[in-house]
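Listed here are the chains, written in short residue letters.
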Amino acid sequence: MAEARRIPIYPSSEVNLSLRTANLVFMQIEKVGIIGSGVMGSGIAQVTLLGGYRVTLRSRETANAHTMVEQIKHSLSKMVKRDTLTGSAADEALSRLEITTNMQDLQDSDLVIESVIEDLETKRELFQRLDGLCKANTILATNTSTLPVVEMATATKRPDLVCGIHFFNPATQMKLVEVVAPITVSETTLDIAVSFVLSLGKEPVKVKDEAGFVVNALLFPYLNSAICMLERHVASMEEIDRSMQLGCGFPMGPFKLLDLIGLDTSLNVLEALHFESRSPSSVPATTLRRLVAAGRLGRKSKHGFYDYE
Ligand SMILES: NC(=O)c1ccc[n+]([C@@H]2O[C@H](COP(=O)([O-])OP(=O)(O)OC[C@H]3O[C@@H](n4cnc5c(N)ncnc54)[C@H](O)[C@@H]3O)[C@@H](O)[C@H]2O)c1
């Protein structure tokens, strides 16, 4: 196995450190656990491998984990063809990847990032389990788009070591990562999360633990408004997409973006935003609910607003 990267952490703020977090000052991140083999889990695994870390990817089903490995291999081979990665660097990255269905295999991770379904109860249970099995100074992070990170932190006995590390889709390409600070987190943990994100070549922005953080709090009311506009027959889906692309210079229109994000994830995000803000702009459009009920989840199910077969 190729030598894994280690990043030493030099926190800028060491005030009020508890004894346990004080140990983190000397902590090195070498092994990263990733949970969830969906759209985001696979992208996060790839960028973490390319960042030089050892990655243990935990999926509930072996078949899903294998599919993910194939996706990562395919994506790395495309980078090699485009000359943005050498063949040996791709092989080396893959040699640091381990897949498992067993949660116990995450116990010696320095950092675990969960990216499972956007459901608070599922995530709270997961954090509780991770807390019981991971070593005492493992940082536990969530890739949630909107859910309160503090609720996951308080499911553990280490709330000072829990934060959000929120990647954007596709994680391999999008530069921004929101580092989410629940009121329970220590400054040291945040410093480590920021250093980790920088080491991946991404741009971290520290944000407060408020539904939707910065980007989704602004983005989702817009996406939802586009669906309501379609329901009012203001223009066709293709025309609304084209208008926002050509009129605003966006890389894609709202319906293409909703399909890329996943309609089930989008519905969960809007519900979480609405639960917290009660703003009418985040009441999920009926069409979105109906498409999700019909199993049309976007690109990942080959059908969403558009068809992909
Ligand atoms: N899709 C996006 O654009 C995007 C962007 C940023 C963050 N996120 C967040 O990332 C997380 C995952 O989203 P995704 O788009 O990868 O979703 P996805 O539907 O592609 O994958 C979800 C994963 O969760 C697993 N899962 C489902 N139910 C589970 C359960 N009960 N217990 C454990 N695992 C379960 C599935 O097997 C799958 O591996 C969510 O929190 C989402 O809000 C999504």
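Everything that follows concerns the structure shown earlier in this document.
Residues numbered from 1 in each chain as written. Predicted model: local features only at pLDDT ≥ 70, side-chain atom pairs only at ≥ 80, totals over all residues. Heavy atoms only, no water.

Compared with an ideal rise of 1.5 Å per residue, which puts 12 residues at 16 Å, helix 2 (residues 39–50) spans 17 Å between its outermost C-alpha atoms and is within 8% of the ideal. The buried fraction of helix 2 is high, at 10 of 12 residues. Among all positions in helix 2, only Met40, Gly41, Ser42, Gly43, Ile44, Ala45, Gln46, Val47, Thr48 and Leu49 are buried. Positive phi appears at Gly52, one or two residues downstream of helix 2, with a value of about 100°. (Helix = DSSP H or I, 4+ residues; strand = E, 2+ residues; numbered from the N terminus. Expected span 1.5 Å × (residues − 1). Buried < 20%, exposed > 50% of the residue type's maximum accessible area, 1.4 Å probe, protein only.)

Before going further, it helps to spend a moment on the packing of aromatic side chains. One pass over the structure, following the stated rule, counts 3 aromatic pairs. Judged by centre distance (5.2 Å) and plane angle (55°), the rings of Tyr53 and Phe196 are tilted. Residue Tyr53 is located in the loop between helix 2 and strand 4 (54–58), and its partner Phe196 is located in helix 7 (residues 187–199); the two are separated by 143 residues in the primary sequence. Across the pair, exposure class does not vary: Tyr53 and Phe196 are buried alike. Ring geometry for Phe255 against Phe305: centres 4.9 Å apart, planes inclined by 65°, an arrangement best described as edge-to-face. Here Phe255, found in helix 10 (residues 254–261), pairs with Phe305, found in the segment after helix 12 (286–293); they are 50 residues apart in sequence, far enough to count as distant. Over the ring of Tyr306 we find Lys256; its NZ or CZ atom is 4.8 Å from the centre of that ring. (Phe/Tyr/Trp six-rings, centres within 6.5 Å; stacked < 30°, edge-to-face > 60°. Lys NZ or Arg CZ within 6 Å of the ring centre and 35° of its normal.)

Before going further, it helps to spend a moment on the site of the ligand. Around the ligand, the surrounding shell holds 21 residues, and the nearest of these are Glu118, Lys123, Ser145, Ile261 and Lys300. Ser37 places a polar main-chain atom, nitrogen or oxygen, 2.9 Å from an oxygen atom of the ligand. Between Val39 and the ligand, the recorded distance is 2.9 Å, taken from a backbone N or O atom to an oxygen atom. With the chains in place, 83% of the 830 Å² that the ligand exposes on its own is no longer accessible. Of all the secondary-structure elements, those providing two or more residues to the shell around the ligand are helix 2, helix 5 (120–133) and strand 8 (162–167). Residues that form the shell around the ligand fall into these classes: 6 nonpolar, 11 polar and 4 charged. In terms of domain composition, the shell around the ligand takes at least three residues from each of domain 1 (7–208) and domain 2 (215–301). (Near = heavy atom within 4 Å. Polar contact = N/O pair within 3.5 Å; in protein donor to acceptor, adjacent residues only side chain to side chain. Areas by Shrake-Rupley, 256 points an atom, 1.4 Å probe, with all protein chains shown as cover. Nonpolar A, V, L, I, M, F, W, Y, C, P; charged D, E, K, R; others polar. Domains from an automatic or database assignment.)

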